[in-house]
Each structure stands twice: as C-alpha cells, then as structure tokens.
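A closer look at the structure
Below, each chain spelled out in residue letters.
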Amino acid sequence: MAQDLRSFLDLVKRRKPEDFRIVSKEVDPAYELTALVVKLEREAGRRPVLLFERVKGSRFPVLTNLHAGRARLAAAMGTTPEGTHARYLAAMERPIPPRIVPTGPVKEVVLTGEKIDLYALPQIVHHDGDAGPYFTAAISFARDPTAETWNCAYNRLMVKGRDTTSIHLTTGKHLFEFHRIAEARGEPLPVALVIGVHPAIGLGALAIGSIDEDERGIMGALLGEPLELVRCETSDVLVPAHAELVLECEILPRARTPEGPFGEFTGYSLGERQREIVRVKAITHRRDAIFHDITVAHLDHMLLSTIPIEANLHRAVRAMVPSVRAVRVPGPFTCFVSIEQRVPGQAKNAILAALGADLYMKRVVVVDEDVDVFDDRQVNWAIATRCQPDRDITIVTNTRGSDLDPSAREDGSTAKWGVDATAKPSLAAYTPRHRVPPAVWQRLDLKDFGL
Ligand code: MN
C-alpha cells in the first residue's frame, strides 16, 4: 500500500470521483477556505476533498476537508465504515515498527538559513477572531531527550515570523512531557512538524495511550506496512519519507509567546494564552508540494479524532468490563458506553476506566446493552428512567482535563463526572419495557388490514 497523500487522493478519485473537487478560481486564505467547506456542507450537504490550486499570496496549492467522511477514513485504513473500531484496535494491539530509508520525495527541496520563510506558505485564517494564520495539519515527530521513546501528535501552530511559530502543547500530554524534560536541562527540544500525509498516518498520530506506545507503529499497522522514515537535515528526528512538507524545528526552553484566540473543536474561540515557541531550522518539501490544511472544528477535524478516541476508550473499558458492547464519543469531552452488566457495580467500573483512559474525558454515561448509544434519544431515555442522580452520579473533583475547555477553572483544573444509567439491580430484574406480545406481532400482516 502506498503511504503518501497523493496515492490516497488517487484512491478517493477512483472510489468516488465526486468526492474530490479541484477549485481553480483564486481564493483568499483569510476565511474563504473554511467558509467554502462549511457552506458546501450546510447548504449542499456535500463534503468532498477540496484542492485549491490558486491561493492568494502563496505558490502552494491547498488541500482541505480530506477527513470529512467516515467512508474515506475507513478506506484509508483498508476497512469499511463499520469496521473502523476493530481495525484501529487491532493496529494498537499489533503495531508494525517503522523502517528507516536513505531518502525520499520529502527531500526534493531543502531550504535552510535565509531561504526559510513561513510566509511563503499559505497563510490560512480559519475563523473570525483567530489571532492570525495557523497551520492546523502539522503532525509533530519528537523523541524523549533522555530515552528512545518517540511521540507523534497534532499540534496547532500560529505563524509568528519567517522562522517562528507558537505551538500548542496539550498540558500533561506526551510532547509537553518531552519539552519539560528538555527545558529542565536548559535545552531546546528537536521536533519535526510534518504537513501533508496519508490519512492512516494522521489517524495513527491521534492514538491515545501510554507515553511509551509508539504512534509510528500504529501508523504502520494502519498502512499495513512499515512507515518509511528519513532523518532530518538538522537533527536526528525521523520523519515520513513520503510527506509533502516538513518543518525541522526546535521548541525553545524557557520562552513563551502569546497565542490565540483560536476557534477550536469545543465550538469556542478560546482566548490568548502564553505558549511555547518553535524555531524553524530547515524546511524540506516535494518539488510540487501540496499544503495540507485541516478545516479545524468542523467534520474534517472531528471525524479524524473520534475514531482513535473511541478505539482507546473501548480498549480501556473492555480491560475492566469484558462485556462492553459499544462506545461512542458524541461531542467534546463526552462518551456513551453500553455494557452487558453481569454483576452490579460494573457500570461504575466502566466510568472509572473511561475517565482514567483519556485526559480529555469529562463526562461518561453508561447504559445497558438494550440502549443504542448512537441514538441520543435512547441515551436520554435511559438517563431519565434508570438513573437516580443522588445515587448514580459520581463526581471527581480537581483533576486535569483539557485546557481548551472554557468551563475549566483558571488554573486549568476540572471536575469529571460519570452517570450510571443502567437498570438496578439488573436489567433482567427491572420493570419490564412495554411491548406488543411477540406472537401477535408475528401473526399480523399489515396487508390483511388494508394497511
Ligand atoms: Mn504518545
């Protein structure tokens, strides 16, 4: 399986030609790309991959909305939309280690020194109120300065100068931890920021797990072959050989800069904060590189991140409650879990497992297996009719959650809650649901009654 963005675009075109649209008319990177993606979805119900050939102020074409279809993401993982969880879990359980290769197309152009100019890249502004142009599709590749532990993640970058950006490191997560280790030694953290990859690589980067789980192995397992990596020009960091563009960088120690506001997946434009600074040491790219943008806070962003979050939660709940049936993340910081509860108390164990498995998770609702977690009405019905809040709600105070949650306290701490909406003491012993007798249901034929 080819592991570059281009071969995936070819696959999209072959599978469903109307899923790939080229826009030749010039567009303004300030707001117009996001506006066109959202308008196309809301007014025409369409969400194709969009390639903008002419973007004002840059010679790079821009690709966006790549991930805005579950069928597309499933195809990137070599499975069907129904099979995405199982496929992702299998990749987490059986990662394929990466392979180092001597060179690759990402080295066709190498820019250093005075030739580095981030303003030559598309300066995309996504939403009203954003502090400036952001790169939203950059995947960080970095190593623990004291160990052979590697990490990949999406990190938003705000353009700050010809060779400077700010970076959002999620507080308490893995790249944040690497940076704090380097900072304590007074050293910069070498990092590469990779833009324009096969969606299997993007999905792998979003894997949630322990710091020693190597996302690059999950990328390989999703691709079905080892991810091919090349060494950076200015550091020992390894990057995908078939990427469109790489920013070879350092995150500086003991330096911060104002970042934001920026409209995020929470549905809010969150205000300015002090964040870490990235210095670019080299830019390498394909000769005719495509610049990738994620239409942040819309389907392009949400669908991509949901698959890895749900897979990890499924894994964590299953470790505690083997009879877990389904897991769904219907919105920010929230998950619904259905279990076949064998003994009382398993719902609460499922709540603890889910809250413990994902830093961002804030509200967990557990229902019995007769409730479809993909139907919000059924979940609400279960909460209303099987839950007594004074008995069935668990609140954990003063924990660390997402620093992008506008309801979190000033210091970034948050409470988390679990709702046990399973029937007590058991579904079998609970007040029965109403039903027409099955024998009558089967006997009657609508046609016999002229219906
Ligand atoms: Mn990690």
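These figures come from a predicted structure and were not determined experimentally.

Where helix H4 (residues 84-93) meets helix H8 (residues 299-320), the closest approach of the two axes is 9 Å, and the angle between their N-to-C directions is 70 degrees. Compared by their axis directions, H4 and H8 come out roughly perpendicular. Counting all contacts with H4, which are made through Thr84, His85, Tyr88, Leu89, Met92 and Glu93, the residues of H8 involved are Ile307, Pro308, Glu310, Ala311, Asn312, His314, Arg315 and Arg318.

With that settled, consider the sheet that holds strand E13 (residues 238-240). What holds strands together in a sheet is hydrogen bonding between their backbones, with the strands either parallel or antiparallel. Here we have three strands laid out as an open sheet, ordered E4-E12-E13, and mixed in their pairing. Strands with a single pairing partner mark the edges of an open sheet, and in this sheet they are strand E4 (99-100) and E13. As paired elements, E4 and strand E12 (residues 228-231) share two bridges and run parallel to each other. By the bridge assignment, isoleucine 100 is partnered in E12 with leucine 229.

Every α-helical turn comprises 3.6 residues, leaving residues that sit three or four positions apart pointing alike. Along helix H7 (residues 215-223), nine of the nine residues are buried, which leaves the element largely enclosed by surrounding structure. Every buried residue of H7 is accounted for by Glu215, Arg216, Gly217, Ile218, Met219, Gly220, Ala221, Leu222 and Leu223. Positive phi shows up at glycine 224, right after H7, with a value of about 85 degrees.

Turning to the packing of H4 against H7, a few remarks are in order. With their axes 8 Å apart at the nearest point, H4 and H7 run at an angle of 130 degrees to one another. Between H4 and H7, the crossing angle belongs to the class labelled oblique. The element H4 and its partner H7 pack so that their crossing is right-handed. Between H4 and H7, the residues in contact are Arg87, Tyr88, Ala91 and Met92 and Ile218, Ala221 and Leu222, respectively. Its residues assigned to classes, the contact of H4 with H7 comprises six nonpolar, no polar and one charged.

This brings us to the sheet that holds strand E21 (residues 363-368). Strand order in the open sheet made by the five strands is E19-E20-E21-E23-E22, with mixed pairing throughout. At either margin of the open sheet sits one strand with a lone partner, and together these are strand E19 (324-331) and strand E22 (393-400). The average undirected angle you get between the axes of adjacent strands in this sheet is 15 degrees. Note that strand E20 (residues 334-339) and E21 share six bridges and pair parallel. The residue of E21 that forms the bridge with valine 337 is valine 366.

About the criteria used
- Residues numbered from 1 in each chain as written.
- Predicted model: local features only at pLDDT ≥ 70, side-chain atom pairs only at ≥ 80, totals over all residues.
- Heavy atoms only, no water.
- Axes fitted to C-alpha atoms, helices over the stretch in contact; angles between N-to-C directions.
- Helix = DSSP H or I, 4+ residues; strand = E, 2+ residues; numbered from the N terminus.
- Parallel < 35°, antiparallel > 145°, perpendicular 65-115°, else oblique.
- Contact = heavy atoms within 4.5 Å.
- Pairing = 2+ DSSP bridges.
- Buried < 20%, exposed > 50% of the residue type's maximum accessible area, 1.4 Å probe, protein only.
- Left-handed = near helix turned anticlockwise from the far one by under 90°.
- Nonpolar A, V, L, I, M, F, W, Y, C, P; charged D, E, K, R; others polar.

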